[in-house]
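# Summary of the model geometry
These are the residues of each chain, in order.
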Amino acid sequence: TVTELYDRPMSDSGQLRLNQFDVMGLSQQAMVKMQSQRANRIRNTISQLAQVKGIQPIEPPKDLQATLRHYQQEGLNWIHFLLEHQLGGVLADDMGLGKTIQIIAYLLKQKELGKLTKPALVISPTSVVGNWNAELHKFAPSLKTLRFDGAQRKNLSTQIGDSDVILTSYSLVQRDIELWRDYALHSVILDEAQYAKNVQSKTAQAIRDLKSDHKLCLTGTPLENNLGELWSLFDFVMPGFLNSMERFKKLYRTPIEQNGDSACQHRLGQRVSPFMLRRTKSE
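These remarks concern the structure in this document. The residue numbers shown here count from 1 along each chain, following its written sequence. Owing to the predicted nature of the model, reporting of local features is limited to residues with pLDDT of at least 70; listing and counting of side-chain atom pairs is limited to 80 or more, with chain, interface and lining totals taken over all residues. Think of the side-chain values as coming from all heavy atoms in the structure, minus any hydrogens and water.

A few words now on the pairing of strand β4 (residues 165–169). For every residue, the accessible area (1.4 Å probe, protein chains only) is compared with the maximum for its type, and the residue is labelled buried under 20%, exposed over 50%, or partly exposed between those bounds. We count a stretch as a helix when DSSP gives it H or I for four or more residues in a row; a strand needs E for two or more, and each element gets its number in order from the N terminus. Among the five residues of β4, five are classified as buried, and the element is accordingly described as predominantly covered. Any two strands are treated as partners once DSSP identifies two or more bridges connecting them. Taken together, the five bridges between strand β2 (residues 120–124) and β4 define a ladder with parallel strand orientation. The residue of β4 that forms the bridge with I123 is T168. As judged from the three bridges shared by strand β3 (residues 145–147) and β4, these two strands associate in the parallel manner. Pairing of R147 across the sheet is with L167, part of β4.

What follows concerns the environment of P274. Along the chain, P274 turns up in the loop between α11 (262–272) and β7 (276–277). Residue class for P274 comes out partly exposed when judged on its relative accessible area of 41%. Each C-alpha atom, one on P274 and one on V90, is 9.7 Å from the other, the two residues being 184 residues apart in sequence. The criterion used for residue contact is that any of the two residues' heavy atoms lie within 4.5 Å. Once residues within four sequence positions are removed from consideration, P274 is found in contact with W78 and L82.

Multiplying 1.5 Å by the helix residue count minus one yields the expected span of that helix. Taking 1.5 Å as the rise per residue, helix α5 (residues 126–139) with 14 residues should run 20 Å; its terminal C-alpha atoms sit 21 Å apart, in good agreement. Turning to α5, its buried residues number three or more, namely V128, V129, W132, N133, L136 and F139. Burial along α5 is one-sided: seen end-on, the buried residues are contained in an arc of 160°. Across α5 from its buried face, at more than 90 degrees, point the exposed residues S127 and K138. For α5, the secondary structure elements touched by its buried residues are α4 (99–112), β2, β3, β4 and β6 (211–218). Working definition: the arc comes from the directions between the helix axis and the C-beta atoms, pointing outward to the latter.

This paragraph deals with unusual backbone geometry. Even without glycine at this site, Q86 takes up a positive phi of about 60°. Of note, Q86 is situated in the loop between α3 (70–84) and β1 (89–91). Phi at E192 takes a positive value of approximately 50°, unusual for a residue other than glycine. Assignment of secondary structure puts E192 in the loop between β5 (184–190) and α8 (202–208). Owing to a relative accessible area of 24%, E192 belongs among the partly exposed residues under this scheme.

Salt bridge criterion: a side-chain nitrogen from Lys or Arg within 4 Å of a carboxyl oxygen from Asp or Glu. One pass over the structure, following the stated rule, counts 14 salt bridges. The residue K154 makes a salt bridge to D176 at a minimum N-O spacing of 3.8 Å. You can see K154 sitting in the loop between β3 and β4 and its partner D176 sitting in the loop between α6 (170–175) and α7 (177–180), a full 22 residues away along the chain. Close ionic contact of D235 with R208 constitutes a salt bridge, the shortest N to O distance being 3.0 Å. Of the two residues, D235 sits in helix α9 (residues 227–237) while R208 sits in helix α8, which places them 27 residues apart along the sequence.

The structure is reproduced here in structure tokens:
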């Protein structure tokens, strides 16, 4: 923790600049002398998390036209907990275990609680936009869903503010980014988030420009080739949590991938495990 906090440039006045995710591992005592515009908010977050007695179950939404399996209910509890504490997450269940229904249940619960006051934007590959639309109409018909694609989609822009959930694709969100920059969103949810793992791509950069209260990634393959892919997921959901790309490479990627440092790998696992939920079919 000390290395990660201090192995960075200081400000001209010699102050250390932190964001809320830098201090997730600090004790409340370490926060006493912290001074910043957001210090009180960060102190409150740490205080709340320190008092948590585990993730509490929540009632599934009454209007959900499905019965959640036990692990899907646990996923709903986990998503709700993270976003209640202004934290992001990566839902990385194997394909076929119902990541879509867990998100639909979460969004429906948010509406039931009166918290879905702004639209949620679901971004997916073009091939599954229709599947999301069908699943939402089937399992959550009370959610106002807008499928924002096709050549005439700009004509639908007047319906954005009245929608609960908006569906679009990775290829279109980049083209429409000037439109989306004007909207404050409840949440941005990336389905098959490995499509946006190249942080240098125009699509990944456009997605990071979106303004939202909550962010989630869905992927059955959180790590395919290297740890840089894991970094890119967390750089979207919680920017700064795993440091900059360069510092992540120095602190984690090089020691683990090139030097086989098992202790470093264990530290990284501990760091990300509360924010990544992965269940396999065999489990």
